[in-house]
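Okay, here's what each chain looks like letter by letter:
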Amino acid sequence: MIIAQISDFREAARRRLPRFLFEYMDGGSYAEVTLRKNIDELADIALRQRVLRDVSNIDVSTELFGQKLALPVALAPIGLAGLNARRGECQAVRATEQAGVPFTLSTVSACSLDEVAKAAAKPFWFQLYMIRDREFMKDLLAQASAAQCSALVFTVDMAVPGSRYRDHHTGLAGADNLKGALWRVAQALLRPDWAWDVGLWGRPHALGNVLPVLKGKSGIGDFFKWMRDNFDPSISWRDLDFIRSEWKGPLIIKGILDPEDAREAAKLGADGLVVSNHGGRQLDGVLSTAKALPPIADAVGDQLTVLADGGVRSGLDVVRMLALGAKGVLLGRAWSYALAAQGEAGVAKMLKLIEAEMRVAMALTGVTNIAEINRTILAGDHA
């Protein structure tokens, strides 16, 4: 099929992946209201079209946390993304290096920190959850330091996993019982290309960073049980002291939706934050990122670096996020779809599409560099 936009990658991914993996990547929590609003309310942001301005020399580069980037984007951490293609996180990190943007490896990746570090030629970012086993966290942070990861993304909006109905329908929510396992095998057999390339030869059971604590168990059911048992609902702002004591690089707090929480993150010395509702996968009914971003940027934008994710499906959406106050944008499902559809080449193409669409949007709003993108390019109620 012809790939011209992110939604084309989504359709190609749907055709290639077993249903349980596609729905896990594509779905949200409860009735998925926030998931839809992330997309729709960002698309509703109106821009001012300007004319007769010299836009012959557009610069889409920027700098985040001391790192020069070719685009103001990074790949967001995606759990189990490496199951979308053979050793998928390794493919994705190579694509980002060629594109000049950061890749963020999830704690719950398919490929381990060590494997991705060996595949990478440059530093990448690492994402961490607060886990009950603090010694395990210390070990992960030590591995991230040894891999020379250039930033730590600490996710704070997953004290407990959200209720995701699609996963019940596909058997993933029952991952630790025989009925769920047989249902997933049946779905995999309907996708023979994936079953051969990833299911058989891609070693999907090698669940990267958490394999050492699964005590010899390596099935997807064991993995989800470990997640349910080990996320820590007692997490509080005091735990940032623990993270800071073990991590000396840039610290980015992911999962902020309220200005009060943003001020707390700034007060406690975070270097950046991500305005995020976890892609609509945690608490349904909360604000979309497009709605939550401006007041947070106003509250703390001069104290730390504000990033955002959620609902971004084009380079035009990236420009919208920047205009609403973000300094950079994390791409989540966009790269996961692309990886599932075409592997490393798909991620590379997705980033090229984002860049091309950004350039058009910038030219037609009359701006020539990232610093010029702000609320002055917005129209109507958002200006």
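Note that the structure is predicted; figures quoted are calculated from it, not measured. (Residues numbered from 1 in each chain as written. Predicted model: local features only at pLDDT ≥ 70, side-chain atom pairs only at ≥ 80, totals over all residues. Heavy atoms only, no water.)

Looking at this structure, how should I read the side chain of Arg320?
Secondary-structure assignment places Arg320 in helix α14 (residues 315-323). A polar side-chain atom of Arg320 sits 3.3 Å from the main-chain carbonyl oxygen of Ala43. Ignoring anything within four residues of it in the chain, the contact list for Arg320 reads Leu42, Ala43, Ile45 and Leu47. (Helix = DSSP H or I, 4+ residues; strand = E, 2+ residues; numbered from the N terminus. Polar contact = N/O pair within 3.5 Å; in protein donor to acceptor, adjacent residues only side chain to side chain. Contact = heavy atoms within 4.5 Å.)

Could you clarify how one ought to interpret the packing of aromatic side chains in this entry?
The geometry of an aromatic ring pair is captured by the separation of the ring centres together with the interplanar angle, meaning the angle of the planes. Counted under the stated rule, the structure contains 3 aromatic pairs. Both rings, one in Tyr30 and one in Tyr165, keep their centres 6.1 Å apart while their planes meet at 75°; by these two values the pair is edge-to-face. Of this pair, Tyr30 sits in the loop between α2 (19-26) and α3 (33-43) while Tyr165 sits in helix α7 (residues 165-170), placing them 135 residues apart in sequence. Using a relative accessible area of 37% as the deciding quantity, one classes Tyr30 as partly exposed. Between Phe65 and Trp125, the ring centres sit 5.9 Å apart and the planes meet at 80°, which makes this aromatic pair edge-to-face. Of this pair, Phe65 sits in the loop between β1 (62-64) and β2 (67-69) while Trp125 sits in strand β5 (residues 125-129), placing them 60 residues apart in sequence. (Phe/Tyr/Trp six-rings, centres within 6.5 Å; stacked < 30°, edge-to-face > 60°. Buried < 20%, exposed > 50% of the residue type's maximum accessible area, 1.4 Å probe, protein only.)

What is the right way to read the pairing of strand β9 (residues 305-308) from this model?
Side-chain positions along a regular strand alternate between the two faces of the sheet. Here β9 shows no split at all, with Thr305 and Leu307 on one side and Val306 and Ala308 on the other all buried. Alignment of strand β8 (residues 272-275) against β9, held across 4 bridges, turns out to be parallel. Along β9, the bridge assignment pairs Val275 with Ala308. With helix α13 (residues 289-300) bridging β8 and its parallel neighbour β9, the resulting β-α-β unit is right-handed. (Pairing = 2+ DSSP bridges. Right-handed = clockwise from strand over helix to strand, strands pointing away.)

Got a minute to help me understand the sheet that holds strand β7 (residues 251-256) in this structure?
Adjacent strands of a sheet pair through backbone hydrogen bonds, lying either parallel or antiparallel. Taken in spatial order, the 8 strands line up as β3-β10-β9-β8-β7-β6-β5-β4 in an open sheet, and their pairing is parallel. If you trace the sheet from one side to the other, it starts and ends with β3 (73-75) and β4 (104-105), each paired once. Pairing of β3 with strand β10 (residues 328-331) involves 3 bridges; the strand directions are parallel. Note that in β10 the partner of Leu75 across the bridge is Leu331. Set on the sheet, α13 makes contact with β7, β8 and β9; between it and β8 the angle comes to about 155°. (Axes fitted to C-alpha atoms, helices over the stretch in contact; angles between N-to-C directions.)

What is the right way to look at the environment of Leu304 in this model?
Among the structural elements, Leu304 can be located in the loop between α13 and β9. With a relative accessible area of 7%, Leu304 lands in the buried category. Discounting chain neighbours no more than four positions away, the residues touching Leu304 are Ala265, Ala266, Ala270, Asp271, Gly272 and Leu273.

Sorry, what's going on with α14 here?
Spacing of three or four residues puts side chains on the same side of an α-helix, whose turn is 3.6 residues. α14 sits mainly inside the fold: 8 of its 9 residues count as buried. Against the buried residues of α14 lie α3, β3, α13, β9, β10 and α15 (333-365). Its side-chain oxygen placed 3.3 Å from the backbone nitrogen of Leu316, Ser314 serves as the N-cap of α14. Positive backbone phi, at 130°, marks Gly325, one or two positions downstream of α14.

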